[in-house]
Amino acid sequence: MSTAMNFSSKSFTPRPPDKGAFPLDHFGECSAFKERFMECLRRSGYESAACRQSAMAYLECRMDRRLMANEPLEKLGFKDLIKEKSEEKPEK
């Protein structure tokens, strides 16, 4: 009986993430937003859908401080929350 394993000749080629690097927040510029999000997760039993407002605020903080590339919030999955926010603003 042969103990040799047969592996395919294809090798894995790593590639960078689609959205690029996600630098750490070394100076804690967005730690208040992160803590609000984490507290929301704990309160909701780690149901992330209940904390989308907090997640959006955290990502906006990171984009404002150049800790991640600027992306339209619609592309990050917050299109419905942006519509709600614009509907709440009274028109002048």
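Residues numbered from 1 in each chain as written. Predicted model: local features only at pLDDT ≥ 70, side-chain atom pairs only at ≥ 80, totals over all residues. Heavy atoms only, no water.

Things to note about the overall build of the chain
Okay, so step 1: If you tally the helices and strands in the chain, you get three helices and zero strands.
Okay, so step 2: Of all intrachain contacts in the chain linking residues separated by at least 6 positions in sequence, the fraction that spans at least 24 positions is 50%.
Okay, so step 3: Counting every atom, the chain has about 8000 Å² of accessible surface; 55% of that belongs to carbon and sulfur. (Helix = DSSP H or I, 4+ residues; strand = E, 2+ residues; numbered from the N terminus. Contact = heavy atoms within 4.5 Å. Areas by Shrake-Rupley, 256 points an atom, 1.4 Å probe, with all protein chains shown as cover.)

Quick notes on the confidence of the model for the chain
Okay, so step 1: Mean pLDDT for the chain: 82, with 73% of residues reaching 70 or above.
Okay, so step 2: Mean pLDDT values for the elements of the chain range from 73 in helix α3 (residues 79-88) up to 96 in helix α1 (residues 31-43). (pLDDT = per-residue confidence, 0-100.)

Considering the state of the cysteines
Okay, so step 1: Inspection of the entire model under this criterion finds two disulfides.
Okay, so step 2: Each sulfur of the disulfide joining C30 and C61 lies 2.0 Å from the other. Judged by the torsion about the S-S bond (-90°), the C30/C61 disulfide is left-handed. Here C30, found in the segment before α1, pairs with C61, found in helix α2 (residues 52-64); they are 31 residues apart in sequence, far enough to count as distant. (Disulfide = S-S within 2.5 Å.)

Structural notes on α2
Okay, so step 1: Look at α2: 18 Å from first C-alpha to last across 13 residues, which is about the 18 Å you get at 1.5 Å a residue.
Okay, so step 2: What α2 keeps buried is the set S54, A55, M56, Y58, L59, C61, R62 and M63.
Okay, so step 3: Count one or two residues on from α2 and you reach R66, which has phi positive near 55°. (Expected span 1.5 Å × (residues − 1). Buried < 20%, exposed > 50% of the residue type's maximum accessible area, 1.4 Å probe, protein only.)

Remarks on unusual backbone geometry
Okay, so step 1: Within the chain, Y46 stands out as a residue other than glycine whose phi angle is a positive 60°.
Okay, so step 2: Summarising the element assignment, Y46 is placed in the loop between α1 and α2.
Okay, so step 3: Given a relative accessible area of 57%, Y46 falls into the exposed group.
Okay, so step 4: Here the phi dihedral of R66 falls at roughly 55°; this positive angle occurs in a residue that is not glycine.
Okay, so step 5: Examined against the element boundaries, R66 turns out to sit in the loop between α2 and α3.

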